[in-house]
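This is what each chain is made of:
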Amino acid sequence: MRKAFCIIILLSILLCSCQQTAAASLSEYESSLYKAQEISILSPGSPESIDTITDPEAIAAFVEALQPEEWAPDQFPDEAAEIGSFRFSQEKTLKFGQTRTDGNLYETAVLTLYDDSRIVLQAAEIAMPFKISRESEDYLKELLE
C-alpha cells in the first residue's frame with residue numbers, strides 16, 4: 001500500500017511538472033521583458049553590441065513595439081537567415097535578507113530575429129519560436145541598421 005501511494009504521488013508530481021513545462025508560454029516571459037534594465041542590440045555572429053538601450057521608458061517602448069500579445073507560436077526556422085539579436089539583462093532579484101544587489105547585470109533573455117518575420121525567444125533554458133507582425137519585424141530591423 002505504501003509503495004502504491006508513493007508511486008501515485010511521484011506520477012502526480014511528474015505529470016504536473018510536464019504540464020507546467022508545456023504550458024510555459026510567452027505570457028510568462030512578457031513581464032520579464034519589461035523588467036530588463038538593459039537591452040543590447042547585436043549583429044549576427046558578433047558578441048559586440050551595436051547599441052544599448054538603458055532608459056526605462058525606451059525599454060518599455062521597445063517591448064510595446066514588439067507587440068508580444070500578437071505573436072503566434074511557430075516552428076524553429078530551419079534555413080532562415082539570422083538578422084540580429086537583442087539581449088535582455090537585469091540585476092539579480094533581491095532575496096530575503098538582502099538589502100542590495102551586486103550591481104552587475106545578468107542576461108535574462110535573448111530574442112533572435114530571422115528573416116520572414118520569425119523570432120526565437122530564449123529564456124531560462126527554453127527556446128520558443130514565434131511569428132511576429134511585419135511592423136514589429138521592421139522596427140527590429142531598423143534598430144539593427
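Everything below is about the structure printed above this text.
Keep in mind it's a predicted model, so treat the numbers as computed, not measured.

Look at Ser117: it is not a glycine, yet its phi comes out positive at around 55°. Among the secondary structure elements, Ser117 is positioned in the loop between strand E5 (106-114) and strand E6 (118-123). Its relative accessible area of 4% is what places Ser117 among the buried residues.

Looking only at helix H4 (residues 134-144), the buried set comprises Ser136, Glu137, Leu140 and Leu144. Looking straight down H4, one finds its buried side chains confined to an arc of 100°; they lie on one side. In H4, the exposed positions angled more than 90 degrees off the buried face are occupied by Glu135 and Glu142.

Let us look at the packing of aromatic side chains. Evaluated as defined, the whole model comprises 4 aromatic pairs. Consider the rings of Phe62 and Phe86, whose centres lie 5.5 Å apart with planes at 50°: the pair is tilted. Here Phe86 lies in strand E4 (residues 82-90) and Phe62 lies in helix H3 (residues 56-66), a separation of 24 residues in the sequence. Just as Phe62 is buried, Phe86 falls in that class too.

Moving on, we get to the sheet that holds E4. Taken in spatial order, the 7 strands line up as E2-E1-E4-E5-E6-E7-E3 in an open sheet, and their pairing is antiparallel. Single-partner strands in this sheet number two, and they are strand E2 (49-53) and strand E3 (72-73). For E3 and strand E7 (residues 126-131), the ladder comprises 2 bridges, and the chain directions are antiparallel. Looking at the pairing, Ala72 lines up with Lys131 of E7. Of the strands in this sheet, strand E1 (38-42), E2, E4, E5 and E6 touch H4, which is tilted by about 85° from E4.

This part is about the pattern of salt bridges. All chains considered together, the criterion is met by 4 salt bridges. Glu137 serves as the salt-bridge partner of Arg134, at 2.6 Å between the closest nitrogen and oxygen. In this pair, Arg134 and Glu137 both sit in helix H4, 3 residues apart, roughly one turn of the helix. Of the residues examined, Glu137 reaches a relative accessible area of 1% and is grouped as buried. Connected through shared salt-bridge partners, Arg134, Glu137 and Lys141 make up one network.

Quick notes on the rules
- Residues numbered from 1 in each chain as written.
- Predicted model: local features only at pLDDT ≥ 70, side-chain atom pairs only at ≥ 80, totals over all residues.
- Heavy atoms only, no water.
- Helix = DSSP H or I, 4+ residues; strand = E, 2+ residues; numbered from the N terminus.
- Buried < 20%, exposed > 50% of the residue type's maximum accessible area, 1.4 Å probe, protein only.
- Arc of directions from axis to C-beta.
- Phe/Tyr/Trp six-rings, centres within 6.5 Å; stacked < 30°, edge-to-face > 60°.
- Pairing = 2+ DSSP bridges.
- Contact = heavy atoms within 4.5 Å.
- Axes fitted to C-alpha atoms, helices over the stretch in contact; angles between N-to-C directions.
- Salt bridge = Lys/Arg side-chain N within 4 Å of Asp/Glu carboxyl O.

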